[in-house]
Amino acid sequence: MLSTSSYLINDKKYSFLKDLELKEVNHGVFNGNWTGNGEITKSISPSNGKIIAEIKNGNKNDYEDCVKASEEAYKVWADLPLPKRGEIVRQIGNALREKIEPLGKLVSLEMGKILPEGIGEVQEYVDICDYAVGLSRSLNGAIIPSERPGHALLEKWNPLGLIGVISAFNFPIAVYGWNSAIAMVCGDTILWKPAPTTPLVSIATINIISKVLEQNGINSAVATLCNGGADIGKNLATDTRIKLLSFTGSTQVGHQVGVEVQKRFGKHLLELGGNNAIIVNEDADIDMVITSTVFACAGTAGQRCTTTRRLIIHEKVYDEVLSRLKKAYSQIINRIGDPLDSKTLLGPLHSAESVAKFEQTISEAQKQGGAIEFGGKLVGSTGFFVEPTIISGLKHDSPVVHSECFAPIVYILKASNLKEAISWNNEVPQGLSSSLFTQNVNNIFEWIGPFGSDCGIINVNIPTSGAEIGGAFGGEKHTGGGRESGSDSWKQYMRRSTITINHSRELPLAQGIKFE
Ligand code: NAD
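Rules used throughout
Residues numbered from 1 in each chain as written. Predicted model: local features only at pLDDT ≥ 70, side-chain atom pairs only at ≥ 80, totals over all residues. Heavy atoms only, no water. Near = heavy atom within 4 Å. Polar contact = N/O pair within 3.5 Å; in protein donor to acceptor, adjacent residues only side chain to side chain. Areas by Shrake-Rupley, 256 points an atom, 1.4 Å probe, with all protein chains shown as cover. Helix = DSSP H or I, 4+ residues; strand = E, 2+ residues; numbered from the N terminus. Nonpolar A, V, L, I, M, F, W, Y, C, P; charged D, E, K, R; others polar. Phe/Tyr/Trp six-rings, centres within 6.5 Å; stacked < 30°, edge-to-face > 60°. Buried < 20%, exposed > 50% of the residue type's maximum accessible area, 1.4 Å probe, protein only. Patch = residues over 30% accessible without salt bridge, like charges linked within 9 Å, V, L, I, M, F, W, Y side chains within 5 Å. Salt bridge = Lys/Arg side-chain N within 4 Å of Asp/Glu carboxyl O. Contact = heavy atoms within 4.5 Å. Expected span 1.5 Å × (residues − 1). Axes fitted to C-alpha atoms, helices over the stretch in contact; angles between N-to-C directions. Parallel < 35°, antiparallel > 145°, perpendicular 65-115°, else oblique. Left-handed = near helix turned anticlockwise from the far one by under 90°.

### With respect to the site of the ligand
Around the ligand, 28 residues are found, and the nearest of them are Ser167, Lys193, Ser250, Leu272 and Glu404. One nitrogen or oxygen atom from the side chain of Gln256 is found 3.5 Å from a nitrogen atom belonging to the ligand. The backbone of Leu272 places a nitrogen or oxygen atom 2.8 Å from a nitrogen atom of the ligand. Here the ligand loses 88% of its free accessible area of 860 Å² to cover by the protein chains. Put simply, the parts of the chain that give the shell around the ligand at least two residues each are helix H9 (230-238), strand E10 (244-248) and helix H10 (251-263). Looking at the shell around the ligand, its residues break down into 15 nonpolar, 9 polar and 4 charged.

### Focus on the packing of aromatic side chains
All chains considered together, the criterion is met by 8 aromatic pairs. Seen in terms of ring centroids, Tyr125 and Tyr176 are 6.3 Å apart; in terms of plane orientation they differ by 85°. Their pairing is edge-to-face. Linking Tyr125 in helix H6 (residues 115-135) with Tyr176 in helix H7 (residues 174-186), this pair joins segments that are 51 residues apart in sequence. Judged by relative accessible area, Tyr125 falls into the buried class, the value being 1%.

### What about a nonpolar patch on the surface?
Taken together, the side chains of Val441, Phe445 and Ile448 present a nonpolar region at the surface, about 310 Å² in accessible area. For Val441, the position within the fold is in helix H15 (residues 441-448).

### Section: the side chain of Ser453
Position of Ser453 among the secondary structure elements: in the loop between H15 and strand E21 (457-460). Reaching out from Ser453, the side chain makes a polar contact with the backbone nitrogen of Cys455 at a distance of 3.2 Å. Once residues lying within four places of it in the same chain are set aside, the contact partners of Ser453 are Ile422, Asn425, Asn426, Ser434, Trp447 and Ile458.

### So, the pattern of salt bridges
As enumerated under the stated definition, the model contains 25 salt bridges in all. Its salt-bridge partner being Lys357, residue Glu353 comes within 3.6 Å of it at the nearest N-O pair. With Glu353 and Lys357 both in helix H13 (residues 352-367) and 4 residues apart, the pair spans about one turn of that helix. A relative accessible area of 54% means that Glu353 is categorised as exposed. In the salt-bridge network here, residues are joined through shared partners; they are Glu64, Lys68, Asp239 and Arg241.

### As for helix H5 (residues 100-111)
In this model, H5 (12 residues) spans 16 Å end to end at C-alpha, consistent with the 16 Å of a helix rising 1.5 Å per residue. Of all 12 residues in H5, 11 are buried, a share of seventy percent or more. Every buried residue of H5 is listed here: Ile100, Pro102, Leu103, Gly104, Lys105, Leu106, Val107, Ser108, Leu109, Glu110 and Met111. Those residues of H5 that are buried are in contact with helix H2 (16-19), strand E3 (40-44), strand E4 (51-56), helix H4 (82-98), H6 and helix H8 (199-215). One or two residues past the end of H5 sits Gly112, with phi positive at roughly 110°.

### Considerations on the packing of helix H14 (residues 418-426) against H15
Axis separation between H14 and H15 bottoms out at 11 Å; the angle between their running directions is 25°. In terms of their interaxial angle, H14 and H15 are classed as roughly parallel. Judged by the twist between their axes, the crossing of H14 over H15 is right-handed. For the pair H14 and H15, the contacting residues are Leu418, Lys419, Ile422 and Asn425 in the first and Asn443, Glu446 and Trp447 in the second. For the contact of H14 with H15, the per-class residue count stands at 3 nonpolar, 2 polar and 2 charged.

See below:
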């Protein structure tokens, strides 16, 4: 049974923890068996700052055991027919469906996002499992016309081997889901190092996956787990046995990871920070803008990589948008509270450190000329709650506007035309998500064209957040250039071979070269 702090066990509100059937939860490492010989980490509830449970992290030896076990599991896993691996991923999707509520609640308890979003995250994993099952019957290579008679030119995809996933606190399950469901059908095995502050979600997730693997007679070290901090992350970055390292986190850490992986000519997939803007053009539908903007700026307490951080408004509609936005904010401020409570719209920030960064950014913004239009303060005395905040009066290129603060702060900027707004959208170092509200078809095509938004995600009349799994997800520039989830992202989890087979008795050279 789950060994958590006693206040959770005795409170009916947390009875969902029983449904997760966790055993030996104190062990934060899974190498086919649960273990953990590193330091003890505390999982803290962001809504009251209390300890949820204590977990034993992995140390260097535990990491080593995970790698070896996963490499062993790969020998059988990679040899299974793709649709057979797809069938197992289908069962994992079903097992997640069965646990969607308790697991979603655990996400809310440990990360701090509101329950519909906690459940939504598990749903995202379920969706990507379905997507991966389809992929397991459709992922294909190519036959390319050969210029040489009696030759066949083929393109074939093979699994990479063991891949590493380092994930961020804000999506403690979905990011692992995006990577693992696709990597699994591709034939890879996966070693996961989650954020140090969300260990319980990772343990509950791997517990579900390992049971499905075992029920199918598969070595459960296909999906290993090593909880820990930067030390374990660094091991993954420098280890040549990790054939692809998928990293989700801040630009600063992602840069270090990218350099380390590059030093050993490894492959990496980087999903880093964003600084996303919504442009509200003069012809925008303002009702749609207000509804979209409130969730995009303040939802998840501003802790989505795709949260809107800049609102670039045409001068003709600036006053109207600002005053209506303030009105909408004053309604949601009464709905700040426990993320597990169904009435709550705004949960807490994830940690005391996030609250400190919020305060620091507000004071920085004020020093740089910003005026607080709404919010700016901490809420309550327990937990990590802050007010959703709107700041005006800053220049579009103020340093604070160009950096990402992972909190519900939006800067509003007044632009005189669409060209100027697009240039401001593009001038920041990050390039994740962007959106334009307009009713004019010419503007739309300018926005999605070569001189439009330079981001990986370009939206029209929807906000910057809330991507679907079918498309490739990721961003340009300091966001890292990686693409996860749908479209042809699966190719990153595989090794491409170009194969030429001579089925004639002649030896013609390419380009008609004669060597006689
Ligand atoms: P973070 O960079 O602090 O940590 C991310 C992960 O890196 C954690 O697991 C951490 O333990 C690990 N880590 C820390 N130092 C390391 C090192 N030297 N080597 C290897 N690993 C190391 O990020 P965070 O605070 O957990 O998450 C918030 C950030 O993640 C934001 O910047 C957000 O925009 C970004 N993010 C991006 C996406 C995306 O898809 N683009 C999605 C979610 C979050």
